[in-house]
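# Summary of the model geometry
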Amino acid sequence: MIRDQRPGALRMVSSGELAVLGIVTVATRFQPSGIALTVDSHQHFWRYDPARDSWITDEMSVLKCDFLPADLLPELSANGMDACVAVQADQSEKETLFLLDLAQRHKPIVGVVGWLDLCARNLPERLQYFSQFEKLRGFRHIVQAEPDDRFLIRTDFLRGIGCLAEFHYTYDILIYAKQLPAAIELVAKFPGQRFVVDHIAKPPVKGGERTGTSSEWARHMREIAANANVYCKLSGMITEADWRHWRAEDFTPYLDVAFEAFGPDRLMFGSDWPVCLLAGTYRQAKQLIADYLRDRRDTEKEKIFGANAARFYGLKD
Ligand SMILES: [Zn+2]
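The model shown is predicted, which means the values in this text are computed figures rather than measured ones. (Residues numbered from 1 in each chain as written. Predicted model: local features only at pLDDT ≥ 70, side-chain atom pairs only at ≥ 80, totals over all residues.)

This part takes up helix H10 (residues 282-292). Three or more residues of H10 are buried, namely Tyr282, Ala285, Lys286, Leu288 and Ile289. The arc that holds every buried residue of H10, seen down its axis, measures 145°, which confines them to one face. Buried residues belonging to H10 abut helix H3 (69-78), strand E9 (230-234) and strand E10 (267-269). (Buried ≥ 20, exposed ≤ 12 C-beta atoms within 10 Å, placed from the backbone. Helix = DSSP H or I, 4+ residues; strand = E, 2+ residues; numbered from the N terminus. Arc of directions from axis to C-beta. Contact = placed C-beta atoms within 7 Å.)

Below, the discussion takes up the confidence of the model for the protein. For residues with low pLDDT, the predicted coordinates do not support detailed interpretation. With 86% of its residues at a pLDDT of 70 or more, the protein shows a mean pLDDT of 88. When the criterion is pLDDT under 50, residues 1-35 qualifies, and its contacts beyond four places in sequence or with other chains add up to 47 contacts. (pLDDT = per-residue confidence, 0-100.)

The omega torsion of the bond from Trp273 to Pro274 falls at 0°, within 30 degrees of zero and hence cis. Along the chain, Pro274 falls in the loop between E10 and H10. Unlike most non-glycine residues, His199 shows phi in positive territory, near 55°. By secondary structure assignment, the location of His199 is in the loop between strand E8 (195-197) and helix H8 (216-225).

Okay, here's the thing in structure tokens:
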């Protein structure tokens, strides 16, 4: 949904209606006119390759097929989302180029979070090369899969992160809750670097473990959020729960902590499609957050469903 910003004409209109009228382009929506674009800050595309995508195990067979813009774009419009940010799933430059090619051919893909070897000595040259692609907004590494829980503060990785600000690139922190202490150290070392914590740092929702406001995860989330350069994605949550038996209320304590820690200006909705399909539909992933925000002000909803992602990633047409 987009807010019509004409004085006296405040009403909710769908992006479909606007497209029919032909009066709004992505470019004009991002001008500081008060018109907000709804953005899914986190989703993936792939052409399924069993060798490369070995992280997709047999119990994840629903993910063993291609997921491309032709599959996602109808889901976005059916759920009132205008645009999306495509995030790397494979760790290769080829993956980054694959996503950039899709973004170039599909206007609703307004940003790409790619992968580069951030520990490599030649990183500055690679950043220079990739700086020609306007939709490339930042990078991510699958740190959750690194055996070293302190990977984020390894010397070579820190050197890589230190190269990003010059190119105005963001960094997506993909970790498990146990890796939060290293992430806290990382973000404190680079106060001028924009970071976003993916999937609220994957707390252990599954197994009925409840998070109290005093849990270790909650304490660490407050600690990392105390750094103003860090945002957080409300994404990937149903995948961390019991895939078949989760209930919306399972997530309330986690959302409460994220809200209390980051506030409405540094949180962004992400579907984590197609990975969300392990535990639900696109609609369910979005509705979980929409329902949580039901009693919040419209301005806060607009921030979390678009404006914060647009600002964080510097999204434009
Ligand atoms: Zn994901």
